[in-house]
Amino acid sequence: NAGVIQTPRHKVTGKGQEATLWCEPISGHSAVFWYRQTIVQGLEFLTYFRNQAPIDDSGMPKERFSAQMPNQSHSTLKIQSTQPQDSAVYLCASSFLTDEQYFGPGTRLTVL
Amino acid sequence: GDSVTQTEGLVTLTKGLPVMLNCTYQTTYSPFLFWYVQHLNEAPKLLLKSSTDNKRTEHQGFYATLHKSSSSFHLQKSSVQLSDSALYFCALSYSNNRIFFGDGTQLVVKP
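All chains use their own residue numbering, which begins from 1 and follows the written sequence. Lettering for chains starts from A, numbering for ligands starts from 1, and both go in the order in which the items are written. Residue-level local features of this predicted model are given only where pLDDT is at least 70; pairs of side-chain atoms are given and counted only at 80 or more, and the full residue set underlies all totals for whole chains, interfaces and linings. Think of the side-chain values as coming from all heavy atoms in the structure, minus any hydrogens and water.

(A) Just the overall build of chain A, in detail. Summing up its helical and strand segments, chain A has zero helices and 11 strands in all. Comment: elements are numbered from the N terminus, with helices defined as DSSP H or I runs of at least four residues and strands as E runs of at least two. Going from the N terminus to the C terminus, chain A shows its helices and strands as β-β-β-β-β-β-β-β-β-β-β. For chain A, whose C-alpha radius of gyration is 13 Å, the value lies close to the compact-globule estimate of 13 Å for 112 residues. If you line up chain A on its principal axes, its C-alpha atoms span 40 × 25 × 25 Å. Residue exposure (1.4 Å probe, protein chains only): buried if accessible area is under 20% of the type maximum, exposed if over 50%, otherwise partly exposed. Across the 112 residues that make up chain A, the buried fraction comes to 48%. Contacts are residue-level and defined by heavy atoms, with any inter-residue pair within 4.5 Å sufficient. Taking the contacts inside chain A whose residues are at least 6 apart along the sequence as the reference set, 53% of them involve residues at least 24 apart. Charge assignment: positive for Lys and Arg, negative for Asp and Glu; neither His nor the chain ends contribute. Each charge is placed at NZ for Lys, CZ for Arg, CG for Asp and CD for Glu. Side chains of chain A carry 9 positive and 9 negative charges; the gap between the two charge centres is 8 Å. Throughout, the radius of gyration refers to the C-alpha atoms, and the reference size of a globule is 2.2 Å times the residue count to the power 0.38.

Take a look at the structure:
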């Protein structure tokens with residue numbers, strides 16, 4: 001079991017560029033969650049999918065952020081026109097039925 | 001709405017002393033409560049979980065008891081070690097819903 005895989009581990013973008021972050025959940029897990037972590041804001045919930053269907057995106061900034069889960073083996077978080085305030089560690093987690101979430105190592109996004 | 005409150009942002013202790021990190025929650029549902037630990041530059045990892053009222057749960061020397069009467073799930077350890085220095089999150093979930101995290105408590109253990 002390789003755990004939750006996130007790629008890339010680090011990404012640097014220029015202001016206004018697009019960033020796509022990838023997450024591969026643990027095989028057999030039915031739910032995928034996305035979080036953003038910064039020193040100032042702490043751990044912020046963004047969105048989650050269950051059985052590939054979007055369930056709750058209440059934490060997603062309404063503009064520029066979107067997430068998809070085209071199949072059970074991966075999910076993507078896309079940020080259009082990145083801004084310096086988007087700089088953060090983006091964490092993906094997956095879970096099965098017990099509500100216990102397993103986190104990936106995160107993608108550190110730096111927007112210059 | 002559903003929420004988790006951790007009152008301490010930073011706790012600093014000397015090695016060998018006991019620690020208690022506070023966690024209270026608010027929900028109208030029957031909850032699962034969790035403690036996650038995050039070491040520097042690592043992902044959060046599950047430390048403890050419970051959904052049973054008044055039953056002590058233990059792992060790696062840490063323990064917590066869910067008290068539904070007071071909506072609390074405080075994390076304790078009798079003797080902290082240097083390696084316990086980390087960020088600790090209390091979290092709440094129910095009925096296969098999302099997890100609600102508290103703001104986290106940074107534990108710093110000094111020699």
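Right, picking up where we left off after that structure.
(B) Looking closely at the sheet that holds strand β3 (residues 19-21) of chain B. All names here are of chain B. The four strands are arranged β3-β9-β8-β7 in an open sheet whose pairing can be described as antiparallel. Every other strand in the sheet has two partners, leaving β3 and β7 (56-59) as the edge strands with one partner each. For this sheet the average axis-to-axis angle between neighbouring strands, irrespective of direction, equals 20 degrees. Pairing between strands is defined by DSSP: at least two bridges between the two strands are required. Bridge count between strand β8 (residues 62-65) and strand β9 (residues 75-77): three bridges; the pairing is antiparallel. Along β9, the bridge assignment pairs F62 with K77. Axes, fitted as lines to C-alpha atoms, cover a helix only where it is in contact. Angles between the N-to-C directions of the axes lie from 0 to 180 degrees.

(C) Expanded view of the interface of chain A and chain B. Listed by partner, the interface residues are 19 residues for chain A and 17 residues for chain B. A carboxyl oxygen of Asp or Glu within 4 Å of a side-chain nitrogen of Lys or Arg is what we treat as a salt bridge. Residues B:K49 and A:E100 are paired through a salt bridge, measuring 2.8 Å at the closest nitrogen-oxygen approach. Here a polar contact is recorded for every N or O atom pair within 3.5 Å, except that within protein the pair must consist of a potential hydrogen donor and a potential acceptor, and residues adjacent in sequence are included only if both atoms are side-chain atoms. Counting across the interface, chain A meets chain B through three residue pairs in polar contact (both at pLDDT 80 or more). Broken down by secondary-structure element, the contributors of at least two residues to the side of chain A that touches chain B are β4 (31-38) and β5 (42-50) of chain A. With four residues, the single largest contributor to the side of chain A that touches chain B is β5(A). Residues are grouped as follows: Ala, Val, Leu, Ile, Met, Phe, Trp, Tyr, Cys and Pro are nonpolar; Asp, Glu, Lys and Arg are charged; all remaining types, including Gly, are polar. Residue classes in the side of chain A that touches chain B are distributed as nine nonpolar, five polar and five charged.

(D) View of the sheet that holds strand β3 (residues 19-24) of chain A. Residue and element names in this part refer to chain A. A sheet is described by the order of its strands in space; here four strands give the open sequence β1-β3-β8-β7, paired in antiparallel fashion. This sheet does not close on itself; its edge strands, each paired only once, are β1 (5-7) and β7 (65-71). Each strand of the sheet is rotated relative to its neighbour by a mean of 20 degrees, with strand direction disregarded. With five bridges connecting them, β7 and strand β8 (residues 74-79) associate as antiparallel partners. Each bridged residue has a counterpart across the sheet, and for A67 the counterpart in β8 is L77.

(E) Quick peek at the environment of B:Y25. Residue and element names in this part refer to chain B. Topologically, Y25 is positioned in strand β4 (residues 24-26). With 43 residues separating them along the chain, Y25 and K68 place their C-alpha atoms 9.3 Å apart. Ignoring anything within four residues of it in the chain, the contact list for Y25 reads S3, V4, P31, L33, L66, H67, K68, S71, S72 and L92.

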